[in-house]
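In case you want the letters, here they are:
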Amino acid sequence: MNAPILVFIEHNNKKVADVSLELISEATRLAKKLNCEIHGVVLSHNAAEELTQLGHYGCQKLYYVKDKRLNHFSSVPFAKLVTSIIKKHQPQIVLFGATSTGRDIAPRVASELCCGLTADCTKLEIGSHSIKDQTFDNTLLQIRPAFGGNIVATIVSPESNPSMATVREGVMKLNHPETNKKVEIISEPCDLSDSDFLSEILEVIREEKTVDLKQARIIVASGMGASTPECISLIRQLAKTLGGEVGASRPVVDAGLLGKDHQVGQTGITVRPNLYIACGISGQIQHMAGMSEAKRIIAINNDPDAPIFKIANYGIVGDVKDVIPKMIKAYRG
Ligand SMILES: Cc1cc2nc3c(=O)[nH]c(=O)nc-3n(C[C@H](O)[C@H](O)[C@H](O)COP(=O)(O)OP(=O)(O)OC[C@H]3O[C@@H](n4cnc5c(N)ncnc54)[C@H](O)[C@@H]3O)c2cc1C
């Protein structure tokens, strides 16, 4: 068996983060090509029962560091512990969620191990890579938009071990859980001194999400061509009529017209609804990165050459102010 793939598992003491389950799922796909196991590492005060579900998604071994000082995330101790687990178990690939936690510790770990790290990958593959007269087989190909989304780059770091990548929530598909699969939980020591904890977290206040686009089956999204208060009100009405949620392109969010939880795209949320209605959205690559896997896409745009029509299943050339009221009327009967 080859060296394993290691996934950094995030959780909030009650629930394993969706992104960690998605990374385990993606690791199962990569592991088939690499003929290796999938391992996880969890650092926690009390993660307990919910960890068993990691096995259902394909995690075979879980290194569990339990200590009451790990109740809240803290950069230095978390990075130290993950580094020591990597040194001890020698994985060939390490995956982190591109969350605030993953983005904080992954570069610290990469720097400590002198290895490469690619942030915000949108695709991972296993392939060969040649440099001069040397060929590296079974290398992690880390694929992500680069230069403001103008190119899609494949990044490799075959000469350093392990290859490390972060991936945003929603980008990788979840496996169907198989409840008969079990994970072996292995206790690991917490070799930290109190001086490793440079700060003390007294209280955590969580801001609840106003909208959960990831779970929405229908999304009606507002772009700059549908960003007046009148248009946003029409979009809300259409979403309500269809039982869907309201999404948005980034400039609509940047302009403060809708909250960040509504943003779809490369720097927003990746969604896979049954139906995505893009209203006044041009279809730039950074937006499409977040919605192109919707089962059905309807685009409404007054420019017949708008790029969004290239990926839309149904295109309506027209003014959103005319088209949306007609759709609402038609759906209400
Ligand atoms: C690093 C980086 C990350 C980014 N991340 C994201 C991201 O996560 N999500 C994202 O969305 N963008 C992102 N962007 C921005 C992205 O490049 C585009 O600028 C953005 O998606 C464009 O938004 P839009 O389609 O709403 O606006 P525009 O490009 O301005 O398009 C407006 C469209 O509305 C149409 N229109 C105008 N009036 C009407 C009308 N009355 N009726 C019908 N149609 C009309 C126009 O024909 C046009 O096609 C990112 C950019 C960078 C550089």
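Residues numbered from 1 in each chain as written. Predicted model: local features only at pLDDT ≥ 70, side-chain atom pairs only at ≥ 80, totals over all residues.

1. Quick notes on the overall build of the protein chain
Of the regular secondary structure elements, the protein chain holds nine helices and 15 strands. If one aligns the C-alpha atoms of the protein chain with their principal axes, the spans along those axes are about 65 × 55 × 40 Å. (Helix = DSSP H or I, 4+ residues; strand = E, 2+ residues; numbered from the N terminus.)

2. A closer look at helix α5 (residues 229–242)
Given 3.6 residues to a turn, an α-helix orients residues that are three or four positions apart in the same direction. Over its 14 residues, α5 extends 20 Å from the first C-alpha to the last, a length consistent with the 20 Å expected when each residue adds 1.5 Å. Of the positions making up α5, those classed as buried are C231, L234, I235, L238 and A239. All buried residues of α5 project into a common sector of 135° when viewed along the axis, lining one side. In α5, the exposed positions angled more than 90 degrees off the buried face are occupied by P229, E230 and S233. Along its buried surface, α5 packs onto β11 (218–222), β12 (245–248), β13 (275–279) and α9 (320–332). Note on α5: the residue one or two positions beyond its end, G243, has a positive phi of about 75°. (Expected span 1.5 Å × (residues − 1). Buried ≥ 20, exposed ≤ 12 C-beta atoms within 10 Å, placed from the backbone. Arc of directions from axis to C-beta. Contact = placed C-beta atoms within 7 Å.)

3. Topic: the environment of R272
Counting through the fold element by element, R272 comes out in the loop between α6 (250–254) and β13. What makes R272 partly exposed here is the crowd of 17 C-beta atoms within 10 Å. Here the alpha-carbon distance between R272 and M291, two residues 19 residues apart in the chain, equals 6.4 Å. Leaving out residues up to four positions away in the same chain, R272 has contacts with E293 and A294.

4. Considering the sheet that holds strand β5 (residues 117–121)
Picture the strands of a sheet paired through backbone hydrogen bonds; they go either parallel or antiparallel. The seven strands lie next to each other as β5-β9-β4-β1-β2-β3-β10, forming an open sheet whose pairing is parallel. The outermost strands of the open sheet, each flanked by one partner alone, are β5 and β10 (184–188). Direction aside, neighbouring strands of the sheet carry axes that sit 25° apart on average. Looking at chain direction, strand β2 (residues 36–44) and strand β3 (residues 61–66) are connected through six bridges and run parallel. Residue pairing across strands places S44 opposite K66, the latter belonging to β3. On top of the sheet, helix α4 (residues 100–113) reaches β1 (2–8), β4 (93–97), β5 and β9 (163–167); it is set at about 170° to β9, its chief contact. (Pairing = 2+ DSSP bridges. Axes fitted to C-alpha atoms, helices over the stretch in contact; angles between N-to-C directions.)

5. Concerning the nonpolar core
Looking at soluble globular proteins, one finds that nonpolar side chains tend to be buried together. Within the largest apolar cluster, 49 residues are counted, with the highest numbers of intra-cluster contacts made by I5, V7, I24, V82 and L95. A216, I219, A239 and V323 belong to the second-largest nonpolar core, a separate cluster that totals 39 residues. (Core = buried A, V, L, I, M, F, W, Y, C linked by C-beta atoms within 7 Å.)

6. Remarks on the site of the ligand
Near the ligand there are 28 residues, and of these G223, G225, S249, G265 and S282 occur at the shortest range. Only α6, α7 (285–288) and β14 (296–301) provide two or more residues apiece to the shell around the ligand. Residue composition of the shell around the ligand, by class: seven nonpolar, 18 polar and three charged. (Near = placed C-beta within 6 Å. Nonpolar A, V, L, I, M, F, W, Y, C, P; charged D, E, K, R; others polar.)

7. What to know about the domain arrangement of the protein chain
Under the domain assignment, the protein chain is made up of domain 1 (2–196) and domain 2 (213–332). Measuring from the centre of the C-alpha atoms in domain 1 to the corresponding centre in domain 2 gives 33 Å. At the interface, six residues of domain 1 touch eight residues of domain 2. (Domains from an automatic or database assignment.)

8. Some points on the sheet that holds β12
An order of β12-β11-β13-β14-β15 is seen for the five strands of this open sheet, with the pairing classed as parallel. Two strands in the sheet have a free side with no partner beyond their single neighbour: β12 and β15 (314–317). Sheet twist, expressed as the mean angle between neighbouring strand axes with direction ignored, is 20°. In this fold α5 packs onto β11, β12 and β13, with an angle of close to 175° to the strand it touches most, β11.

9. What to know about α9
When the terminal C-alpha atoms of α9 are compared, their 18 Å separation across 13 residues agrees well with the 18 Å that a helix rising 1.5 Å per residue should span. The inward-facing, buried residues of α9 contact α5, β13, β14 and β15. Positive backbone phi, approximately 80°, marks G333, located one or two places after α9.

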